[in-house]
Amino acid sequence: SGLDSKYSATNVALYGSLDANLDARTVVSAGLRMEQRDARYADDADVASPFPKQTNHMMGGNLSWDRTTADGQHVYVTLARGYKGGGFNIGSQILAEQRSFGPESLWNVETGFKYAQATSPLQLQADVFYMRRQHMQVYLSEQLQQNNPLAYVFYTQNASDGENYGLEGEAAYRAGSRWQLSGSASLLRTRYVGVTGIFDGLGLDGRAQPFAPGYKLSAAVEYHTPAGWFARLD
């Protein structure tokens, strides 16, 4: 089967940022971004308006405080808001109420430190964070006709909220001029919060979100020769 479709989108954004030095070692930064996205999609499976329009008004930004200590350590706190625009589900089997989905937004608060000194062989970085996702875009699947596997479709819809929190760290150590050891570790917890509407019967409330591994670990050793060649094992 064929599908004749057309799509267009226009994004207009305004962005500004400001950095202020409170003293020789302390910097406060702020940024704000406002965006309007107009998108249209239609295909010959639609029986509604010939070229429906979706308009998203979105806003993001950040506010951060950074302090540098005498021994090369940075301590920081950041509050940020991000967003992702809405869109359309494409396919001849998509129902009219599943055709489009709206934008989602995310609030993130994070604090951590970084240590890097030119005379020190050790580099460290670690942080903890908490994120709150609003109107989450969730990837779903459904077989529209019980006895017809060709009617199996994938589509995106907006759930209620979600939260992510965790910690992560990285370290690297130079052992002389030729060897370097490095590693990283992170812990992540995610869940759906307050799921309502079409998601009620799916049992998502309190469950972990997809594509969010609970932990990650890595380690590496690297060797450099004076001629410029190097070998690395991860």
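The structure under discussion appears in the preceding block.
Take the sheet that holds strand 13 (residues 215–224) next. Read from one edge to the other, the open sheet built from 10 strands follows the order 1-2-3-4-7-8-11-12-13-14, with strand pairing classed as antiparallel. With partners counted over all chains shown, the strands left at the sheet margins are strand 1 (5–21) and strand 14 (230–233), one partner each. Ignoring strand direction, the axes of neighbouring strands in this sheet form an average angle of 10 degrees. Note: strand 13 against strand 14, 4 bridges, orientation antiparallel. Looking at the pairing, V221 lines up with L233 of strand 14.

What follows concerns the side chain of D43. Within the fold, D43 resides in strand 2 (residues 26–43). Overall, the relative accessible area of 7% leaves D43 in the buried class. Within the local environment of D43, its side chain forms a polar contact with the side chain of Y41, the two groups lying 2.5 Å apart. A distance of 3.5 Å separates a polar atom in the side chain of D43 from a polar atom in the side chain of R99. In contact with D43, other than residues within four places in its own chain, are L3, D4, S5, G91 and R99.

Another aspect to go through is the pattern of salt bridges. Enumeration according to the criterion identifies 9 salt bridges in this entry. Between D161 and R132 there is a salt bridge, and its shortest N-O distance comes to 3.7 Å. Placement of D161 in strand 11 (residues 161–175) and of R132 in strand 8 (residues 122–134) is noted, with a sequence separation of 29 residues between them. Its salt-bridge partner being D234, residue R232 comes within 3.0 Å of it at the nearest N-O pair. Judged by its relative accessible area of 43%, R232 is partly exposed. On the accessibility criterion, D234 (67% relative accessible area) is exposed. Within the structure, one salt-bridge network assembled from shared partners comprises R132, D161, E163 and R191.

A word on the nonpolar core. Counting residues in each nonpolar core, the largest one holds 10 residues, listed as I94, M136, V138, L140, V153, Y155, A159, Y192, V195 and L204. Counting only elements with at least two residues in this core, the list comes to strand 9 (137–143) and strand 10 (152–158).

So, about unusual backbone geometry. One non-glycine residue, H135, lies in positive phi territory at about 55 degrees. Tracing the backbone shows H135 in the loop between strand 8 and strand 9. Although it is not a glycine, F211 sits at a positive phi angle of roughly 55 degrees. Structurally, the position occupied by F211 is in the loop between strand 12 (179–193) and strand 13. For F211, a relative accessible area of 81% corresponds to the exposed category.

Calculation rules
- Residues numbered from 1 in each chain as written.
- Predicted model: local features only at pLDDT ≥ 70, side-chain atom pairs only at ≥ 80, totals over all residues.
- Heavy atoms only, no water.
- Pairing = 2+ DSSP bridges.
- Helix = DSSP H or I, 4+ residues; strand = E, 2+ residues; numbered from the N terminus.
- Axes fitted to C-alpha atoms, helices over the stretch in contact; angles between N-to-C directions.
- Buried < 20%, exposed > 50% of the residue type's maximum accessible area, 1.4 Å probe, protein only.
- Polar contact = N/O pair within 3.5 Å; in protein donor to acceptor, adjacent residues only side chain to side chain.
- Contact = heavy atoms within 4.5 Å.
- Salt bridge = Lys/Arg side-chain N within 4 Å of Asp/Glu carboxyl O.
- Core = buried A, V, L, I, M, F, W, Y, C linked by side-chain atoms within 4.5 Å.

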